[in-house]
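Examining the three-dimensional arrangement
So you can see what is in the structure, the chains are spelled out below.
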Amino acid sequence: MEYHYTLPVDKEKIKKLKVGDILYLTGKIFTARDETHHIMLEKDKVPFDPSEMALFHCGPLMKKDKGHWHVISAGPTTSSRMEIFEDEFIKKFGTNIIIGKGGMGERTENALQKYTGVYVAYTGGAGALAADKIEEVLGVYWLEELGMPEAAWIFKVKEFGPLIVAIDSYGESIYKKLKKR
Amino acid sequence: MDQEHIKKGIVELIQKAETDLPSDIVNALKNAHEIETGIAKIQLEAILKNIELAKETKRPMCQDTGIQTFFVTVGIGFPKILELKTLIEDAVKIATIQIPLRPNTVNPLTGLNHKDNIGAYIPYVNWEFTNGSDVLITAFPKGGGSENMSKLGMLKPGVGLDGVKNFIVDEIIKVGGNPCPPTIVGVGIGGGADLALKLGKKALLRPVGVHSKDNKIAEIETELIKRINKSNIGPMGLGGKTTVLDVHIEMAHRHPASLPVGIVVQCWANRRAHMIIHKDGNWEVK
């Protein structure tokens, strides 16, 4: 099945998504890699509302032109690095759509099942293609401390995809299935 | 000799590597796209579209523009050998702003990003010397996602060639979708630990589809491709027939007590570009 969702996405809509489905997202997403996960988990308050956005495992290539940031290339980064943080992150911020590549492990699978969320895969390396689906850069946090790849970038995206539902809210995972073969 | 002119050439070399994938890898991806179906086909379609888009718009195809890595073969008759290192470093700084490249050099102790793709030992330049007066530079920017899946095995010689083959197949299956398959796997067998890994990386410079000149090694390469592709990991680890596009093996003689096997994984974005600098300072990028 193919779905076109606007963020934020409610529980009922998340429950419709099954492993192997194709999803396109419109709305706000934020990037977070290892360091941003770490910082956000330590802080009592963060300067934006992650619950209304999808989380994107991405360290984008950006360019500042006449005072405004532009996306040059922004594909997903390897999600398995964030496995050590993700269950806590989902619990703390109510994240219910995670965009990444390469898959995640059991801890994330369990959290997605418990809190009704999905992990969707975007084609790794397809950075130029992804950048063209990003309409606007809405903000950036921790740029000075963490540098361009690790900072939290807030993007407004339109029909971002195709995203493949790779872990659903029922505990099913494409990666787990393939491993069992 | 006009140094600014050479720097301009090296920037063009980096741009070519980052935005325009060589035809051997593009053709291999197109062939994979032909034989795949379903989700695997969707992944390869996105990859091929992305390659076209990056080339057309002269933008880096992947946001991870890699650690800047160069293999340089210097003709000993080249008049400005001592200046080459500085020229490469300057060109990397210019390329970072101009192309642009993602700032990818982080101090491992402080966590601070150097912001210009320069740092201790980086850009990484591998020097070799030869006769003549031309300099050949291969730009080989290496992304972190696939590099993270590299592995060194200090095997016991008693496991034999079968042990070596099983180690490679098991490791590539274990890393699954993490290194952005379909990948190219570079393997160095023999030497010491460092040499095995270095040969593994150098093996990736060989064009996709070109087997080792050594028949015995070529046979092993073919066998490993078949075995790994049976795993059904597929493009991006989402299932499919194409997990690796090629396996390239280089060998060195080993110590009687050691059997090092260095595996270096390369994502589908097998970025390479070449440049020749002549002794008069003129250059060509291809």
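Residues numbered from 1 in each chain as written. Chains lettered and ligands numbered in written order. Predicted model: local features only at pLDDT ≥ 70, side-chain atom pairs only at ≥ 80, totals over all residues.

Moving on, we get to the interface of chain B and chain A. Buried accessible area, meaning the area lost when the parts come together, often serves as the stated size of an interface. Chain B puts 38 residues into the contact, and the matching count from chain A is 33 residues. Residue contributions to the side of chain B that touches chain A peak at 10 residues, all from helix α3 (residues 38–57) of chain B. When its residues are assigned to classes, the side of chain B that touches chain A shows 19 nonpolar, 14 polar and 5 charged. (Contact = placed C-beta atoms within 7 Å. Helix = DSSP H or I, 4+ residues; strand = E, 2+ residues; numbered from the N terminus. Nonpolar A, V, L, I, M, F, W, Y, C, P; charged D, E, K, R; others polar.)

Residues and elements named next belong to chain B. Strand order in the open sheet made by the 4 strands is β4-β7-β5-β6, with mixed pairing throughout. For this open sheet the edge positions go to β4 (151–155) and β6 (244–254), each flanked by a neighbour on one side alone. Strand after strand, the sheet turns through a mean of 15 degrees between neighbouring axes, direction not considered. Two strands pair when backbone bridges link them, and strand β5 (residues 183–191) and strand β7 (residues 259–266) are joined in this way by 6 bridges, in the antiparallel orientation. Directly across from Ile-184, in β7, lies its bridge partner Gln-266. In the packing of helix α6 (residues 160–175) onto the sheet, contacts are made with β4, β5, β6 and β7, and the angle to β7 comes to roughly 30 degrees. Taken strand by strand, helix α7 (residues 193–203) contacts β4, β5, β6 and β7, and its axis lies near 145 degrees from that of β5. (Pairing = 2+ DSSP bridges. Axes fitted to C-alpha atoms, helices over the stretch in contact; angles between N-to-C directions.)

Those residues of α7 of chain B that fall on the buried side of the exposure criterion are Ala-196, Leu-197, Leu-199, Gly-200, Lys-201 and Ala-203 of chain B. If you follow the buried residues of α7 of chain B, they end up packed against β4, β5, β6 and β7 of chain B. (Buried ≥ 20, exposed ≤ 12 C-beta atoms within 10 Å, placed from the backbone.)

Next up on the list: the domain arrangement of chain B. Residue and element names in this part refer to chain B. If you check the domain split of chain B, you get domain 1 (3–16 + 62–143 + 271–285) and domain 2 (144–266). On a C-alpha basis, the centres of domain 1 and domain 2 stand 27 Å from each other. In this complex, domain 1 contributes 7 residues to the contact, which on the side of domain 2 involves 5 residues. Taken together, the residues of the side of domain 1 that touches domain 2 sort by class into 2 nonpolar, 2 polar and 3 charged. (Domains from an automatic or database assignment.)

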